[in-house]
Amino acid sequence: MDAIKLLTEDHKTVRGYLDDLEATTPRALKARADLLAKIRVELKAHTTIEEEIFYPAFQSHGKKGDDDKMYFEALEEHRAAGDLVLPDLLGTAVDSEQFSGRAKVLKELVTHHADEEEKDMFPRAKTLLSKEELLALGEKMAARKTVLIAELRATT
Ligand SMILES: [Fe+2]
Ligand SMILES: [Fe+2]
């Protein structure tokens, strides 16, 4: 599968989970816990395949300046969402008011980041990489994602 298509479909999946999570009430304990578990696995698998496979290809084909800036900014956004806000949310009681606020912040961060990738980085990648290269990256990411999902599901 084409790399851009795979990553864009991942975004759609995670956006859906985050929308569903935002719509839950503090009383929906099981729904919140289930969605949070799905978000953790999807988000971590997605950012990992980007960081290990897609971003390095983007950076190596890109130019110093704007492309580099986009690359480093994307990494920082992964760090903010994945290393700071998500662990915080995972450590928050699902029936608390804090949970709703933190879930909203995670959604805003992830949505902003995915929008920027879809608006700027992915169209730019299509000009930097050939169709064949994007297909090869997609295959590589799909295989890596399968392994990551299994590993992530085995750990909580
Ligand atoms: Fe990303
Ligand atoms: Fe992404």
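What you see is a predicted model, and the numbers here were worked out from it, not measured in a lab.

Rules behind the numbers
Residues numbered from 1 in each chain as written. Chains lettered and ligands numbered in written order. Predicted model: local features only at pLDDT ≥ 70, side-chain atom pairs only at ≥ 80, totals over all residues. Heavy atoms only, no water. Donors = N, O, S within 2.8 Å, 3.2 Å for Na, K, Ca; no water. Tetrahedral: all angles 85-135°; square planar, octahedral: opposite > 155°, others 65-115°. Helix = DSSP H or I, 4+ residues; strand = E, 2+ residues; numbered from the N terminus. Buried < 20%, exposed > 50% of the residue type's maximum accessible area, 1.4 Å probe, protein only. Polar contact = N/O pair within 3.5 Å; in protein donor to acceptor, adjacent residues only side chain to side chain. Contact = heavy atoms within 4.5 Å. Expected span 1.5 Å × (residues − 1). Bend = angle between axes of the 7 residues up to and from the residue. 1 Å grid on protein atoms, 1.4 Å probe; cavity = no way out; pocket = protein on both sides within 12 Å on 5 of 7 lines; lining within 4 Å. Points joined across faces, edges and corners; volume = space filled by probe spheres on them.

Engineer: Would you mind going over the coordination of the iron ion (ligand 2) with me for this structure?
Structural biologist: Each pair of donors in an ideal octahedron of six around a metal sits at 90 or 180 degrees, and each pair in an ideal tetrahedron of four sits at 109.5 degrees. Coordination of the iron ion (ligand 2) by the protein is provided by His 11 (NE2), His 46 (NE2), Glu 50 (OE) and Glu 117 (OE), with metal-donor distances spanning 2.0 to 2.2 Å. Geometry at the iron ion (ligand 2) is irregular, judged from its four donor atoms and the angles of 85 to 173° they form at the metal. On the primary sequence, the residues serving as donors to the iron ion (ligand 2) are separated as H-x34-H-x3-E-x66-E. Between the iron ion (ligand 2) and the iron ion (ligand 1) the interatomic distance comes to 3.2 Å, and Glu 50 is a ligand of both metals. With His 11 in helix 1 (residues 3-22) and Glu 50 in helix 2 (residues 29-61), the pair connects residues that are 39 residues apart, well separated along the chain. By the burial criterion, His 11 is buried, and Glu 50 matches it.

Engineer: Got a minute to help me understand the side chain of Thr 24 in this structure?
Structural biologist: Residue placement: Thr 24 occurs in the loop between helix 1 and helix 2. Overall, the relative accessible area of 15% leaves Thr 24 in the buried class. Polar side-chain contacts of Thr 24 include one of 2.9 Å to the side chain of Arg 32. In contact with Thr 24, not counting residues within four places along its chain, are Ala 31, Arg 32 and Leu 35.

Engineer: Help me understand the coordination of the iron ion (ligand 1) in this model?
Structural biologist: Summarising the metal site, the iron ion (ligand 1) is bound by the protein donors Glu 50 (OE), Tyr 55 (OH), His 78 (NE2), His 113 (NE2) and Glu 117 (OE), whose distances to it range over 2.0 to 2.3 Å. Sequence positions of the donors to the iron ion (ligand 1) reduce to the motif E-x4-Y-x22-H-x34-H-x3-E. For His 113, a relative accessible area of 9% translates into the label buried.

Engineer: Would you take a moment to explain helix 4 (residues 97-128) for this structure?
Structural biologist: An α-helical segment advances 3.6 residues per turn. Residues three or four places apart therefore align on the same side. Given a rise of 1.5 Å per residue, 32 residues ought to cover 46 Å, and the 45 Å separating the end C-alpha atoms of helix 4 matches this to within 8%. Helix geometry: helix 4 is bent most strongly at Glu 117, by close to 40°. Where the residues of helix 4 are buried, they touch helix 1, helix 2, helix 3 (66-90) and helix 5 (131-154). In this structure Ser 96 caps helix 4, since a side-chain oxygen of it lies 3.3 Å from the backbone nitrogen of Phe 99.

Engineer: Help me out: how do you make sense of the layout of surface pockets in this one?
Structural biologist: Gaps left between atoms show up when a probe the size of a water molecule is rolled over them. Its boundaries defined by the atoms lining it, the largest pocket holds a volume of some 310 Å³. Among the elements that take part in the lining of the largest pocket, helix 3 stands out by supplying eight residues, more than any other.

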